[in-house]
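Summary of the model geometry
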Amino acid sequence: MSAMEEDSDTLRVLVATDCHLGYMEKDEIRRFDSFQAFEEICSLAEQKKVDFVLLGGDLFHENKPSRSTLVKTIEILRRYCLNDLPVKFQVVSDQTINFPNRFGQVNYEDPNFNVGLPVFTIHGNHDDPAGVDNLSAIDILSACNLVNYFGKMDLGGSGVGQIAVHPVLVKKGTTTVALYGLGNIRDERLNRMFQTPHSVQWMRPETQDGMSVSDWFNILVLHQNRIKTNPKSAINEHFLPRFLDFVVWGHEHECIIDPQEVPGMGFHITQPGSSVATSLIDGEAKPKHVLLLEIKGNQYRPNKIPLRSVRPFEYAEVVLKDEADVDPNDQASVLEHLDKIVRNLIEKSSQPAASGSEPKLPLVRIKVDYSGFSTINPQRFGQKYVGKVANPQDILIFSKAAKKRQTTGENVDESEKLRPEELNQQTIEALVAENNLKMEILPVDDLDIALHDFVSKDDKTAFYACLQRNLDETRKKLNSEAEKFKIEEEDIIVKVGECMQERVKEISLHSKGDTPFTSSSQNLVDTRGKSVAGGSSLNTFSDDEDTREMLLGTRSKTSGFTRPSKDSTGAARGGASKRGRGGKGSLKQTTLSFSQSRSSAAIRSEVDSSSEEAEDEANLVVENSEPEDSVQQTGRKRPAPRGRGRARGTTTAKRGRKTDIASIQSMVMSKDDDSDEDDKPKKPPPRVTRNYGAVRRR
């Protein structure tokens, strides 16, 4: 060992970024690639006897990693990090600020754990914190005392936000290091914050024990876009403070491990890149490395270490029109030429096999410029290489050369500005605003509710329910109008837009008042108390405000509507009309009328005892919520108070009945539902599916 390695004042740090644990975990060939590379990184840290490991974000590939991924990660960290080796450095800063968790201290100082290899990490854009509690998958590892999670910022909800970056102050002998961490923040927002005065505050170490601020070696770890295709969606190096000495840049997967000096800034940047290839592009094909950083005083020495366990990846680009032995009219010559290139790449990847390890199937990607040629089916082409390469299904990727423009001032197509790996950085709101798009089917409020449920409540069916409900309502509206007026095919799009505008108006009208259904509910209570007193539970679709409550899972406390009670059946049997199958059993029915009310008359009662009309209306039955042998309910019952509490004398709904949704849906019936039945010819209405307009409960 050199004198610097043996010096007790030298801090040794192993730097790696973008491990993407769990990537391709369902692929039979590549499922263990990310874990093998991460285990090699931890093994190198053990061999080189480093003081700690520094990770630059994206430790996990998924925001919610699977249990298998979490178990494998914990096993690797437990194997290499928990031991009796002494930790030779100290953290002298306020640890409750550096590590804002329940314990508020660096993990190796916990007396219940023997941590011999500390790991410090920030979060990236793949494993960033989310949810009500703002938790990340890294918080799980931090709670297990396996990693030290720092660089987590609370942006706040108003304006651009403000953050204060506090350093983790590390001291080993006479060497002092200020370790700044900045977890991933949306690039557009962080870009604005850097350009807004006092939005980003960098806290400097206080002068103590005769040390000045200039004695600290300042390191920053961040995880942001660096490539400047769009200045607003990347971070410029000149935004960073000049007092920094060294910057570890995560997120970019191309390995540029050798530190590069930024002109005029005075600090160097290293970009370790990813330890596993997640995009089959040219930048990922470069050899993967990690960096061993040795720091003494204000000096540092970088040592790059190649990773041997990484799967070989060979990349090539081919322009077919430049190849002499390829005929545009002969597809066989094209196939033969591409086969030759693939075979050469496979041979090239098998030569530098690591000693003592079984060679892995290589990744092969050929970017083919097929201008003037016809394309080839990539899946069919790759069938002959099954068992020879790790990605036979996507060896080939076809592209065309961009057309040269004569004038430099001509606008460039937006699709040509974006690279495939940058598409995930574009926001939906920005794309809608830039292209002046207009919502024609789905109201923005409904999408907002669905997005809230999907993100905050992890409701996987939120968008499906939103789409299905709006489609059903639109179909119903068009069907009702088609019976009165003849609608041409070219008018359907206009009618769909009108339906959406009506739903938006209904939402805005009902959202203005504190009690959304006061007027309609009063009419219904008054009229139904006289004409249809009581009855079975009805699944009725009122408007979008009811649906909003169903989506958000809230229960209205002021609507005045009640659930049916068993005590009111006796009073209603005399004058109520019998609906359904002979009035037997408690039936949930659906009123299928979305036509607009032409008058403000209350719903009139219908007393029809004929068996023919009972059979016709039986088509409206959605489901029988109780078995046939249950208490017969031939009339409509007087509803009980809605909400969590019930009035005295009422009983709860029987098991199997959809109490919440059914009660919400039974609030409001269309005013024309009964009045239109006399005007329309007698015909069986369409049968409704069981889950029409309702949220499925799993």
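These figures come from a predicted structure and were not determined experimentally.

With respect to a negative patch on the surface
Where like charges cluster on the molecular surface, the negative patch consists of Asp325, Asp327, Asp330 and Glu336. Relative to the assigned elements, glutamate 336 resides in helix H7 (residues 331-350). A residue is classified by how much of its surface remains accessible, and glutamate 336, at 57% relative accessible area, is exposed.

Observations concerning helix H6 (residues 187-195)
Most of H6 is tucked away, with seven of its nine residues classed as buried. The set of residues buried in H6 consists of Asp187, Glu188, Arg189, Leu190, Asn191, Met193 and Phe194. Structurally, H6 contributes buried residues whose contacts are with strand E6 (163-165), strand E8 (175-182) and strand E9 (200-202).

Considering the side chain of histidine 223
Mapped onto the elements of the fold, histidine 223 is located in strand E10 (residues 217-223). Here glycine 56 takes part through its backbone oxygen, which lies 2.9 Å from a polar atom of the side chain of histidine 223. A polar contact is formed between the side chain of histidine 223 and the side chain of asparagine 125, at a distance of 2.9 Å. If we skip the residues at most four places from it in the chain, histidine 223 touches Asp18, Gly56, Gly57, Asp58, Ile122, His123, Gly124, Asn125, Leu182, Asn184, Gly250 and His251.

Considerations on the packing of aromatic side chains
Geometry of an aromatic ring pair is reported as the spacing of the ring centres plus the angle between the planes. Throughout the structure, instances matching the rule amount to 13 aromatic pairs. Ring centres 6.3 Å apart and planes at 80° place the aromatic pair phenylalanine 120 and phenylalanine 150 in the edge-to-face group. Of the two residues, phenylalanine 120 is situated in strand E4 (residues 119-121) and phenylalanine 150 in the loop between strand E5 (148-149) and E6; the sequence distance between them amounts to 30 residues. The exposure class assigned to phenylalanine 120 is buried, which follows from its relative accessible area of 0%. A relative accessible area of 2% means that phenylalanine 150 is categorised as buried. When the ring of tyrosine 370 is compared with that of phenylalanine 398, the centres are 5.7 Å apart and the planes differ by 90°; the resulting orientation is edge-to-face. Within this pair, whereas tyrosine 370 is found in the loop between strand E17 (363-369) and helix H8 (378-382), its partner phenylalanine 398 is found in strand E18 (residues 396-399), the two being separated by 28 residues in sequence. Taken together through their ring pairs, the aromatic side chains of Phe52, Phe89, Phe99, Tyr108, Phe120 and Phe150 make up a single cluster. The ring of phenylalanine 35 has lysine 72 sitting right over it, with the charged end atom 5.7 Å from the ring centre.

Topic: the packing of helix H2 (residues 33-47) against helix H3 (residues 67-81)
At their nearest, the axes of H2 and H3 sit 10 Å apart, and the two run at 15° to each other. Between H2 and H3, the angle falls in the class roughly parallel. Here H2 and H3 pass one another in a crossing that is right-handed. Contacts from Phe35, Phe38, Glu39, Cys42, Ser43 and Glu46 in H2 reach Thr69, Lys72, Thr73, Ile76, Leu77, Arg79 and Tyr80 in H3. A breakdown of the residues in the contact of H2 with H3 according to their chemical character gives six nonpolar, three polar and four charged.

As for the sheet that holds strand E16 (residues 313-319)
Taken together, the three strands give an open sheet; going across it, the order is E16-E17-E18, and neighbouring strands pair in parallel fashion. The strands lining the two open edges of the sheet, one partner per strand, are E16 and E18. Going across the sheet, the axis of each strand differs from the next one's by a mean of 15°, ignoring polarity. The sheet contact formed by E17 and E18 spans four bridges and is parallel. Following the sheet pairing, isoleucine 366 is matched in E18 by leucine 396. The strands touched by H7 within the sheet are E16, E17 and E18, with E17 carrying the most contacts at an inclination of about 145°.

Focus: the pairing of E8
Two faces, one strand: in a regular strand the side chains alternate between the faces of the sheet. Counting buried positions along E8 yields eight of eight residues, so the element is predominantly enclosed. Alternating residues of E8 divide into Thr175, Val177, Leu179 and Gly181 and Thr176, Ala178, Tyr180 and Leu182, and every residue in both groups is buried. Across five bridges, strand E7 (residues 168-172) lies against E8 in antiparallel orientation. Residue lysine 171 lies in a different strand from E8, and its bridge partner there is threonine 176. Hairpin remark: E7 followed by E8, antiparallel, with two residues in the connecting loop; positive phi at glycine 173, about 65°.

Rules used in this analysis
- Residues numbered from 1 in each chain as written.
- Predicted model: local features only at pLDDT ≥ 70, side-chain atom pairs only at ≥ 80, totals over all residues.
- Heavy atoms only, no water.
- Patch = residues over 30% accessible without salt bridge, like charges linked within 9 Å, V, L, I, M, F, W, Y side chains within 5 Å.
- Areas by Shrake-Rupley, 256 points an atom, 1.4 Å probe, with all protein chains shown as cover.
- Salt bridge = Lys/Arg side-chain N within 4 Å of Asp/Glu carboxyl O.
- Lys, Arg positive; Asp, Glu negative; His and termini not counted.
- Charge placed at Lys NZ, Arg CZ, Asp CG, Glu CD.
- Helix = DSSP H or I, 4+ residues; strand = E, 2+ residues; numbered from the N terminus.
- Buried < 20%, exposed > 50% of the residue type's maximum accessible area, 1.4 Å probe, protein only.
- Contact = heavy atoms within 4.5 Å.
- Polar contact = N/O pair within 3.5 Å; in protein donor to acceptor, adjacent residues only side chain to side chain.
- Phe/Tyr/Trp six-rings, centres within 6.5 Å; stacked < 30°, edge-to-face > 60°.
- Lys NZ or Arg CZ within 6 Å of the ring centre and 35° of its normal.
- Axes fitted to C-alpha atoms, helices over the stretch in contact; angles between N-to-C directions.
- Parallel < 35°, antiparallel > 145°, perpendicular 65-115°, else oblique.
- Left-handed = near helix turned anticlockwise from the far one by under 90°.
- Nonpolar A, V, L, I, M, F, W, Y, C, P; charged D, E, K, R; others polar.
- Pairing = 2+ DSSP bridges.

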